[in-house]
Amino acid sequence: MAGVVAAVALGLSACSIGTQASPVPASAPTATSTSSGPSRQGVPLSVQVYLVQGDRLVRLTRTVPPGAGLEPSFVGLAVPLTPAMAARGIRSALPIASTPLQGVVDQDGVARITLPTGFERISVHEQSLAMAQLVFTVTANSLAQSVQLVQGKRSLPMPDPSGQLVTRPVTRVDYAAYDPPG
């Protein structure tokens, strides 16, 4: 028995690090970004996405890959509709684009979203519904409190539900007429 205790003690002493003459820097793994985009590792997120049904918004929950900033909201809006949704009249007012939505939230809580491709070619009513979709979705899933469309560094006017152009960042209050029931 004494021999076993001595062997265990000897084995444990061989596992120690010991003292170092000088500090040795330790490097932690860092996240890498590739040209294909941000990492998709992690737990999927559930996001609230607002689409259109008639002339009102309807809220859906979608599961999307993890992402930074506004990316989960934009991915959630880009998920194709199911045939069952289409049969219920659910649609998106956002124009179908070949490039994904892009934007950032600034330190004032304003989501500055690059003008979606084709936005200027849809009717003012559809633009207003599309803005409502963006405002409700982005403010539900990020720290943004308002939304401003931009082209480069220039802020763009956006139509409210009455068709009037608004030059300041817009909030859910501006699109309350489209607020989903319940």
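Residues numbered from 1 in each chain as written. Predicted model: local features only at pLDDT ≥ 70, side-chain atom pairs only at ≥ 80, totals over all residues. Heavy atoms only, no water.

### As for the pattern of salt bridges
Item 1. Scanning all chains against the criterion turns up four salt bridges.
Item 2. Here aspartate 106 and arginine 112 are joined by a salt bridge, their closest N and O atoms 3.1 Å apart.
Item 3. With relative accessibility at 28%, the residue arginine 112 sits in the partly exposed group.
Item 4. Of the charged contacts, one joins glutamate 120 and arginine 121 as a salt bridge, the two residues approaching to 3.5 Å between their closest N and O atoms.
Item 5. Judged by its relative accessible area of 48%, glutamate 120 falls in the partly exposed class.
Item 6. In this structure arginine 121 comes out as exposed when scored by relative accessible area, which is 65%. (Salt bridge = Lys/Arg side-chain N within 4 Å of Asp/Glu carboxyl O. Buried < 20%, exposed > 50% of the residue type's maximum accessible area, 1.4 Å probe, protein only.)

### Side note on the nonpolar core
Item 1. By size, the foremost hydrophobic cluster in this structure holds 36 residues, and its most contacted members are Ile113, Met131, Val138, Val147, Leu149, Val170 and Tyr175.
Item 2. Of all the secondary-structure elements, those providing two or more residues to this core are β1 (45-53), β2 (56-64), α2 (71-78), β5 (110-114), α4 (124-141) and β6 (146-151).
Item 3. Not counting the four nearest positions on each side in its chain, tyrosine 175 is found in contact with Ser128, Met131, Ala132, Val135, Phe136, Met158, Pro159, Asp160, Pro161 and Val170. (Core = buried A, V, L, I, M, F, W, Y, C linked by side-chain atoms within 4.5 Å. Helix = DSSP H or I, 4+ residues; strand = E, 2+ residues; numbered from the N terminus. Contact = heavy atoms within 4.5 Å.)

### Re the sheet that holds β6
Item 1. Across the sheet, which stays open at both edges, the four strands sit in the order β4-β5-β6-β7 with mixed pairing between neighbours. Two strands lie at the open edges of the sheet, namely β4 (103-105) and β7 (154-155), each paired on one side alone.
Item 2. Pairing analysis gives three bridges linking β4 to β5, with the strands arranged antiparallel. Residue glycine 103 lies in a different strand from β5, and its bridge partner there is isoleucine 113.
Item 3. Strand contacts of α4: β5 and β6, with the helix running at about 120° to β6, the strand carrying the most contacts. (Pairing = 2+ DSSP bridges. Axes fitted to C-alpha atoms, helices over the stretch in contact; angles between N-to-C directions.)

### What about α2?
Item 1. With six of eight residues buried, α2 is to be regarded as a mostly interior element.
Item 2. Among the residues of α2, Glu71, Pro72, Ser73, Phe74, Gly76 and Leu77 are the ones counted as buried.
Item 3. Contacts from the buried residues of α2 go to β1, β2, β4, β5 and α4.

### Quick word on the environment of proline 44
Item 1. Within the secondary structure, proline 44 sits in the loop between α1 (2-14) and β1.
Item 2. In sequence terms proline 44 and valine 64 are 20 residues apart; their C-alpha atoms lie 5.6 Å from each other.
Item 3. When near neighbours in sequence (up to four residues on either side) are disregarded, proline 44 contacts Thr63, Val64 and Pro66.

### A look at the confidence of the model for the chain
Item 1. For the chain, the mean per-residue pLDDT works out to 82, and 76% of the residues sit at or above 70.
Item 2. pLDDT under 50 marks residues 4-39. Its contacts with residues more than four places away, or in other chains, come to two contacts. (pLDDT = per-residue confidence, 0-100.)

### As for the sheet that holds β2
Item 1. The sheet built from three strands is open, its strands ordered β2-β1-β3 with antiparallel pairing. Two strands bound the open sheet, and with one partner strand each, they are β2 and β3 (90-91).
Item 2. Strand direction decides the pairing type here: β1 and β3, joined by two bridges, are antiparallel. Looking at β3, one finds that glutamine 53 is bridged to isoleucine 90.
Item 3. Lying over the sheet, α2 contacts β1 and β2, oriented at roughly 50° with respect to β1.

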